[in-house]
Each structure stands twice: as structure tokens, then as C-alpha cells.
Amino acid sequence: MSDYVIETKQLTKVYGDQTAVNAVNLHVKKGQIYGLLGRNGAGKTTIMKMILGLTSITSGEANVFGKNIKGQEKRVYPRIGAIIETPGFYPNLTGTENLEIFARLRGTAAPNAVKNALEVVGLPYKDKKLFGKYSLGMKQRLGIANAILHDPELLILDEPTNGLDPIGIAEVRNFIKDLSASRGKTILISSHILSEIQLLADDIGIIDHGVLLEESSMSELEKKNRKYILLQVSDVPKAALILERQFQQKNYSVQDDHTLRLYDTSLDMGAVNKELVVQDVTVISSGLCNDTLEDYFKRITGGEGIA
Amino acid sequence: MLNLVIGELTKLKRKKITICTIIAACMFPIPVAIMVIANSYDMKNIFAMLVQLGDCFMMPLMLGMFAMIFFYMEQDLDTMKNMRLIPVPMGKWLCAKLMVIALVSVIYSVVTIFASFLIGLVVGDISGIWSNFIINVLIGILMCAALLPMIALIINQKNNYIVTGILIFIFVMLNFIFIMSITKIPAWALPFLPIAAVYRFLLPYTAVKMTIYLEEITLSGLQFAGAMLCTIFISVIFIIFGFHKKYSR
Ligand SMILES: Nc1ncnc2c1ncn2[C@@H]1O[C@H](COP(=O)(O)OP(=O)(O)OP(=O)(O)O)[C@@H](O)[C@H]1O
Ligand SMILES: [Mg+2]
């Protein structure tokens, strides 16, 4: 019996000749917020759909609460609350009427469930406004309300802050944090917004083109990528040569014509600067810098980064 | 199960198609009334007209449009995932939807009877109102079965309102041709023309006057039961198959 609430093993999804999800091994720990970060089309939604059994798995497996969901839906679904992509509701009904249908069908929900859920997401109870007239942010909130209606242990939220304004995002972030911190819920959340995941998640999985590039705890990731030495010199190739020959430094990158990044922060910069000057390379500046996660994300995806 | 039916009924609240169905059911008797009064028909004529035009034409058409929207609703509004994640048992859900459609057909029959009664009052002939009532209830029940092929067709179509709408119209029209004509229907075709089959089975009770031609095309109980069982059997298989496909997509 593993400690993971969600665990996938070599999870793969192939659409036609496109591999949307490629051998992904996710590990979502109990009581933690796991942020799945990836750009549009990275495969976040597809992974969540496979975990929930909403779409077939091409190969590999996905376990929830240590079990394969297939055939166990009746027992496992009541323990999960989910929003997948856009929230789907009946536009001719009010938010309350919509939730009442689903609460009734669940049967297990507490008598005040609808009212409480609406309160959590900040929507009025028994309001006359029809879902069809809701703003995008209100729709999203109703989707979250529907996911927490039956007080599930596990929440799977696919881009829950999509369409919300900054204040709304902060609100949603706060109550998601609260659900985890004070009610011990396990949460798998996806986003294409790095800062969002950074503020929210305990663990992070970075996915790109269907491949899970990195999975680690947020704090570890921040530690690992935080520091580097930014070196500005007049002649980058020559400086690089000196670093490799004299200081055995291979862990560096060239940022532009005049800038180098050294990732070994234990390096004696006094000696380096001196040697560079001796060899006729002008040192414009050198100093310790903090890499942002965004830079890191850019580096490992080898792409444009993420907004 | 009851929760499912209540849920399905709630989903219809404030929906255009619900309002249209109700209005159509209530408005339809008006042109009939005008014709009746203009031609000074008696009760037998009124009832025959309501059965032919109302029960066998308007009702199947309206119910077809209604069923189409009703069965395509979840996919159109992307609420299928909410239903699946509860999870709603597929079989029960299908039954709940079919029950709502049966309910609409019953309401339609009641409106027809009520209309014939009202028109009868106006022209001063309400003879045989009770036997008409019983026959119309019978038609309502049999029509539920006769409309199963149409529902099978709707469920097995992609959510294309225009194509499905045309197919529904063709189905109802084909049946209606055989309701208005006195051509014999070959036995093999009967299961595919169930509305006409219901009409021809109950002909002795609805016709204004039984002629020798009408007697010839009236279906015997055995012929009728065979055809209907065949219809129900084929339709139910396709309905389950199609619903399962839509549900698990
Ligand atoms: N039903 C489908 N048929 C074919 N291809 C699909 C289907 N669903 C998704 N894909 C493809 O799989 C890939 C991953 O899609 P997915 O929706 O999982 O991405 P995502 O990370 O959720 O993106 P976004 O941030 O835009 O929501 C995409 O290239 C998409 O085109
Ligand atoms: Mg997505």
C-alpha cells in the first residue's frame, strides 16, 4: 500500500499519431497540494481525465487511493471532487438550482451542502441569476462549488482560476490553501501560470509536450535553482575557456555576448576575477543572483517560458 | 430513481422546448375546433380528427423534437462529466429520461381528450366521451412504444439537430402517409411503421364509419402484437447501445 493518494505509472495517452501524454509517473501525497504546471496543450487535462477514468488510458496505469478506478467508480467518485476544463451547467437554471440537482443525485451531501459550498466560493445562495447569464469568473466559482459540494477528500482542479480577475484568483487561492491546511484535503491542481503554482503548491510537476520533465517539492526546487553567479565580461569565449581550463567549471551557461552564468556558487570569485584580468579579459561585473523559477522553467522546457 | 426523474424535470425548467411543447399541445385543438364548427361535425368526427392529426402526427413530431433536445442536452452543455463523476448509473439515467418522455406523451393525450371535450361542448355533442377517454389513454400508452424507434434514431445520431430533425420528420411523415391511405402495409414493414400500426389496430374505435376498405386494413391483435414486440425489441437494443456510447465518450 503506497502513501500516495494519486500515483500514475508510465501513464500514456495516444490520440491518433500524437502522443499527448508520454509515460508520466505522478506522485500526489496525502494532504498536499500538487501543482501540475505546463503550457497550453502540454497534456494536463488529459492526465486528469485519465486519472478520473473520463478517457481511456492507452498504456500504463493510474491509481487513486491505491486502486484502479475502473469498475470502482461507485466507491471512489464520492471521495473525489473535480473540475475538468470549462464548468458545465444548465444555463436555464440558477446556480443554486444547478447545484441542487447534483446534490440530490449524489444523495450523500449534507442538507446544507449547497449553501455551504456557495458560501465558500463567494456566490449568493438562492440568487435569481441564471447560469447562462453568469460571468466567466462566476461560472468558474460555481464549478468549484460543485466540486466541494460533497466534502471530498481529494480535489482534482483543472485550471480553476481560469477567467478570474486578480482578486478572484487570490480568493480562490486562499480557500484552496485553506481546504488543504485546515481540512486536510489532498489537491491536484493544474495551471499554466507559474506564479500561481509557486504560491500554492507543496509539490510540483512540470509537464511539457506530454512528458513530465521534473517532479519535486516546491521548497527543494526553489533551493536547487535559486542561486547562480552572473558574470559580465568583455570576451565571453575567452572567459569560458579560462573557467574550464583553470577552474574546472563546466556547469555554466552563456546568456548573451557579454554575460555568463555560473551555477557553482562555491566558486572563489576573487580568484576568478583576478585570473580573468590577468589574462586580459575585462570583468564588468560579477555577483550572486537568484534565478527565478520562470528562468528555470524556460531552461528545462527549452522554450519560451511561461507567463 | 425518483431523484433522477426530478433532476431531469428540473433541467427542463424555463427551457424553450418545454414551453413550445406545452403551447403546441394546447394550441393544436384550435384549428381543429374551427374546422369542426365550420363543417358542423359531430363528436365522432372531432375525435377522429384529433387522433389522426393530433395523436398520430403532431404529438410524434413534437415529442421527437423534445426528445432530441432532451437527449442531446448533456453533451451540448458539457454536463456529461458532472453526471459521470457522481457517478449516475447509466441504466437508471436512461430509464429516467424515457420516463420523462412518456410523461410528456401522457400529458399530451390528456390535453387532446380535454380538447375534444371542450370542442364537443361547443358543438353540443359530447356522446361517447368516456369511451374516447379510454381509447385515447390506450393510444397514449401504445404510442410510447411506437415512438421508441424514433428515440433509438435520435440517440444513435451525432448531436446534429438539422439532420436528426429531418430524419424525425421523415419517420413521422412515412407513418402519416399510411394513416391517411388505405394501402395495405406488408407484414415485414409493420415494425418500421409503428405509429401507423397503432392507428390501424385501433381503427374500429376511432373511425367515423367503418367501411369495407377500412375493415380490410385493420390489423388483427396478433399482427399488431407481433409488429410491436419486434419494434420494441429492435429499438431497445439500439437505445441501450447508443446511450452507452454517448455516456462513455
Ligand atoms: N479528444 C482529443 N482528440 C485528439 N487530440 C486531443 C484530444 N484531447 C486533447 N488532445 C491533444 O492532446 C494534447 C494535450 O491536450 P490537453 O488538453 O491535455 O492539454 P492541456 O495541458 O490541458 O492544455 P490547456 O492548458 O490548453 O488546457 C493537445 O495537443 C491536444 O490537441
Ligand atoms: Mg487543459
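Above: the structure in question.
Residues numbered from 1 in each chain as written. Chains lettered and ligands numbered in written order. Predicted model: local features only at pLDDT ≥ 70, side-chain atom pairs only at ≥ 80, totals over all residues. Heavy atoms only, no water.

(A) Expanded view of the interface of chain B and chain A. Taken residue by residue, the interface counts 24 residues in chain B and 26 residues in chain A. Between chain B and chain A, the buried area comes to about 2,200 Å², and carbon and sulfur atoms account for 62% of it. Considering only the surface of chain B that becomes buried against chain A, B:R14, B:L85 and B:I86 emerge as the three largest contributors, covering 29% of it. Viewed at the interface, chain A and chain B are joined by two salt bridges. Of the charged contacts in the structure, one is a salt bridge between A:E97 and B:R14, with a shortest N-O distance of 3.0 Å. For the pair chain B and chain A, the interface holds 13 residue pairs in polar contact (both at pLDDT 80 or more). (Contact = heavy atoms within 4.5 Å. Buried area = accessible area lost by both parts, 1.4 Å probe. Salt bridge = Lys/Arg side-chain N within 4 Å of Asp/Glu carboxyl O. Polar contact = N/O pair within 3.5 Å; in protein donor to acceptor, adjacent residues only side chain to side chain.)

(B) Seen up close, helix α2 (residues 16-27) of chain B. Residue and element names in this part refer to chain B. An ideal rise of 1.5 Å per residue puts 16 Å on 12 residues; α2 measures up with 16 Å between its terminal C-alpha atoms. Residues I17, T21, A24 and A25 constitute the buried set of α2. Along the axis of α2, the buried residues cluster in a sector spanning 100 degrees; they form a single face. α2 presents K16 and I22 as exposed residues on the side facing more than 90 degrees away from its buried surface. (Helix = DSSP H or I, 4+ residues; strand = E, 2+ residues; numbered from the N terminus. Expected span 1.5 Å × (residues − 1). Buried < 20%, exposed > 50% of the residue type's maximum accessible area, 1.4 Å probe, protein only. Arc of directions from axis to C-beta.)

(C) Highlighting the site of ligand 1. Residues and elements named next belong to chain A. The local shell around ligand 1 consists of Y15, Q18, A20, R39, N40, G41, A42, G43, K44, T45, T46 and E159. Here an oxygen atom of ligand 1 and a side-chain polar atom of N40 are 3.0 Å apart. Contacts to ligand 1 include A42, whose backbone N or O atom sits 3.2 Å from an oxygen atom. Among the elements that make up the shell around ligand 1, the one with the highest residue count is helix α1 (residues 44-52) (three residues). (Near = heavy atom within 4 Å.)

(D) Layout of the packing of aromatic side chains. All names here are of chain B. Summed over all chains, the structure comprises 14 aromatic pairs over all chains. Ring geometry for W130 against F133: centres 5.8 Å apart, planes inclined by 70 degrees, an arrangement best described as edge-to-face. One end of the pair, W130, and the other, F133, are both in helix α7 (residues 129-146), three residues apart, so they sit about a helical turn from each other. With relative accessibility at 33%, the residue F133 sits in the partly exposed group. Taken together, a centroid distance of 4.2 Å and an interplanar angle of 5 degrees make the contact between F201 and F224 stacked. Residue F201 is located in helix α10 (residues 194-201), and its partner F224 is located in helix α13 (residues 221-247); the two are separated by 23 residues in the primary sequence. By relative accessible area, which is 24% here, F201 ends up partly exposed. (Phe/Tyr/Trp six-rings, centres within 6.5 Å; stacked < 30°, edge-to-face > 60°.)

(E) Just unusual backbone geometry, in detail. Residue B:I86 is joined to B:P87 through a cis peptide bond whose omega torsion reads -10 degrees. Tracing the backbone through its elements, the reader meets B:P87 in the loop between α5 (80-84) and α6 (90-123). Of note, A:Q10 is a non-glycine position whose phi angle comes to about 50 degrees, a positive value. You can see A:Q10 is positioned in strand β1 (residues 4-15).

(F) Expanded view of the side chain of A:D208. All names here are of chain A. Of note, D208 is situated in strand β10 (residues 203-208). Salt bridges are absent for the buried D208, whose nearest opposite-charge side chain, R39, sits at 5.7 Å. A polar contact of 3.0 Å, which involves the side chain of D208, links it to the side chain of H209. (Lys, Arg positive; Asp, Glu negative; His and termini not counted.)

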